[in-house]
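Observations on chain architecture
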Amino acid sequence: SKPMPQGIAAMLAFNDQRSLEANVQTMEAATQHVLTGEITSATRAIEYSAVKVEAGHIIGLLNDELTAANDTIEETLFTLLDQMDAERLEIVTLYYGNGVTAAESATMSAAIREKYPNLEVEIVEGGQPHYYYIISAE
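Everything in this summary refers to the structure shown in the same document. (Residues numbered from 1 in each chain as written. Predicted model: local features only at pLDDT ≥ 70, side-chain atom pairs only at ≥ 80, totals over all residues. Heavy atoms only, no water.)

The buried fraction of strand β6 (residues 91-96) amounts to six of the six residues, a majority that puts the element mostly inside the structure. Because side chains alternate across β6, one face comprises the buried residues Ile91, Thr93 and Tyr95, and the other comprises Val92, Leu94 and Tyr96, equally buried. Here six bridges tie β6 to strand β7 (residues 120-125), and the two strands are oriented parallel to one another. Counterpart to Val92 in the pairing with β7 is Val121. (Buried < 20%, exposed > 50% of the residue type's maximum accessible area, 1.4 Å probe, protein only. Helix = DSSP H or I, 4+ residues; strand = E, 2+ residues; numbered from the N terminus. Pairing = 2+ DSSP bridges.)

What follows is the structure, encoded as structure tokens:
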């Protein structure tokens, strides 16, 4: 199973000094502020909403909805960041996997910092098998 950044936000909100109900409310609230993006390859051509996808396209999902299809990982990443209103965000964490190297993720994070100087960008080796990047943004 792939790591879910929203789960991380929920776990960070957990406090063993609170009641179960208080923890559930706090953890749910924490996930409401987290946007999640996922970048992978399309295995087949589909059309979803306003997004037309060809097999082999790099696709992006925003909060589990298909919202982007481009030729490159970088284009798809920047499409997702744009859809997340990245200029309003504070922190973006990139979990890289599916053959992406540490050097490639460092290059990607530098490109993000250049376009969005307001953002704090973190890189984590996620090791997920099917997604080039999982993005957690808040």
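The structure having been displayed, the exposition proceeds.
This paragraph deals with the pairing of strand β8 (residues 133-137). Most of β8 is tucked away, with five of its five residues classed as buried. Residues Tyr133, Ile135 and Ala137 point to one face of β8 and Ile134 and Ser136 to the other, with burial holding for every one of them. Both β6 and β8 contribute to a ladder of five bridges, which runs antiparallel. From the neighbouring strand, Leu94 faces β8, where its bridge partner is Ile135.

It is worth spelling out the nonpolar core at this point. Ranked by internal contacts, the top residues of the largest apolar core, which has 23 residues, are Leu81, Ile112, Tyr133 and Ile135. By residue number, the principal contributor to this core is helix α3 (residues 73-83), which donates four residues. Beyond its immediate sequence surroundings of up to four residues, Ile112 is in contact with Leu77, Phe78, Leu81, Leu94, Leu119 and Val121. Counting five residues, the second-largest nonpolar core is a separate cluster that includes Ala42, Val51, Val53 and Ile59. (Core = buried A, V, L, I, M, F, W, Y, C linked by side-chain atoms within 4.5 Å. Contact = heavy atoms within 4.5 Å.)

On to the pattern of salt bridges. Under the definition given, this model contains one salt bridge. When the shortest N-O distance is used, the salt bridge between Lys52 and Glu54 registers 3.8 Å. On the accessibility criterion, Glu54 (37% relative accessible area) is partly exposed. (Salt bridge = Lys/Arg side-chain N within 4 Å of Asp/Glu carboxyl O.)

Let's shift gears to unusual backbone geometry. One non-glycine residue, Asp64, lies in the positive phi region at around 70°. Here Asp64 lies in the loop between β4 (58-62) and β5 (65-70).

This next bit is on the side chain of Ser109. Take Ser109: it is sitting in helix α4 (residues 102-115). Ser109 sits in the buried class, given a relative accessible area of 2%. Leaving out residues up to four positions away in the same chain, Ser109 has contacts with Val121 and Ile123.

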